[in-house]
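Architecture and fold: a report
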Amino acid sequence: MNFLEEKIIADGVIKPGNLLKVDNFLNHQIDIDIIRQVAYEFKRRFKGVEVDKVLTIEASGIAIATLLGDLYDVPVVFAKKSETANSTDDKYMSQAYSFTHKRMNHVFISKPYLSTGERVLIVDDFLADGQAMHALIDIVHQAGAIVAGLGVAIEKGQQQGGQMLREEGYRLESIAIIDAMDWKTQNIRFREQSERPLDGTTSEADRS
């Protein structure tokens, strides 16, 4: 069991409907030590991968992306979900349905912050059905940039997002993958992840 799985067991709470609540250390109150370990683990797993920018979506992925950007010494960009008075019209846009909030989010990034040919490492706190991740991938492709890899802190393995992304050929690294959980017993079963060479290779989809 790795450090994040141990933290989920210790401090996570399963709510009715098998919803995992980790807002006491990941996406409301932030445990800096855990986020730091997440960033270091992504850096380890993507060893040898060239990264020009780290990309996430507001708001919960920003802490992870910021510490990871510091490790790579590259800029961090986050997609916004709502426009403000100073939002530019010159932007890349995509859509992602939020199952948590039961609404469609129009996400965007101003065009100056993503450039053709940049290698972009996309990270987020959770992966379920893959809607947010696919929206970020779409934006990267609109910019003519390259998906260097996908990093997720917690993947809900019982949902289809991770499987779809892997079948599409993307290199997806999830630190904790939950295969099953039961709110009545508060039991969580994690997917065993075998060690593999961290050679920095990329798939055909990563190069497109």
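Thresholds applied
- Residues numbered from 1 in each chain as written.
- Predicted model: local features only at pLDDT ≥ 70, side-chain atom pairs only at ≥ 80, totals over all residues.
- Heavy atoms only, no water.
- Pairing = 2+ DSSP bridges.
- Helix = DSSP H or I, 4+ residues; strand = E, 2+ residues; numbered from the N terminus.
- Axes fitted to C-alpha atoms, helices over the stretch in contact; angles between N-to-C directions.
- Contact = heavy atoms within 4.5 Å.
- Buried < 20%, exposed > 50% of the residue type's maximum accessible area, 1.4 Å probe, protein only.
- Polar contact = N/O pair within 3.5 Å; in protein donor to acceptor, adjacent residues only side chain to side chain.
- Arc of directions from axis to C-beta.
- pLDDT = per-residue confidence, 0-100.

Details of the sheet that holds strand β8 (residues 146–156)
Here 6 strands make up an open sheet; going across it, the order is β4-β3-β7-β8-β9-β10 and the pairing mixed. The outermost strands of the open sheet, each flanked by one partner alone, are β4 (76–79) and β10 (187–190). With direction set aside, neighbouring strand axes in the sheet form an average angle of 25°. Strand contacts of helix α1 (residues 3–11): β8, β9 (172–182) and β10, with the helix running at about 30° to β9, the strand carrying the most contacts. On top of the sheet, helix α3 (residues 62–72) reaches β3 (53–57), β4, β7 (119–127) and β8; it is set at about 145° to β7, its chief contact.

Section: the environment of D33
The topology assignment puts D33 in helix α2 (residues 32–45). On the accessibility criterion, D33 (42% relative accessible area) is partly exposed. Here Q37 takes part through its side chain, which lies 3.0 Å from a polar atom of the side chain of D33.

Remarks on α3
Along α3, the residues classified as buried are I64, A65, L68, G69 and Y72. What you see down the axis of α3 is that its buried residues fit within an arc of 130°, all on one side. At the C-terminal side of α3, D73 shows a positive phi close to 60°.

A closer look at the confidence of the model for the chain
Low pLDDT means the predicted coordinates in that region are not meant to be read closely. In the predicted model, the chain carries a mean pLDDT of 89, and 87% of its residues have values of at least 70. When the criterion is pLDDT under 50, residues 197–208 qualifies, and its contacts beyond four places in sequence or with other chains add up to 28 contacts.

Things to note about the side chain of S94
Looking at where S94 falls in the secondary structure, it is placed in strand β5 (residues 91–98). Classification of S94 by relative accessible area gives buried; the value is 10%. A distance of 2.8 Å separates polar atoms of two side chains, one belonging to S94 and the other to D138.

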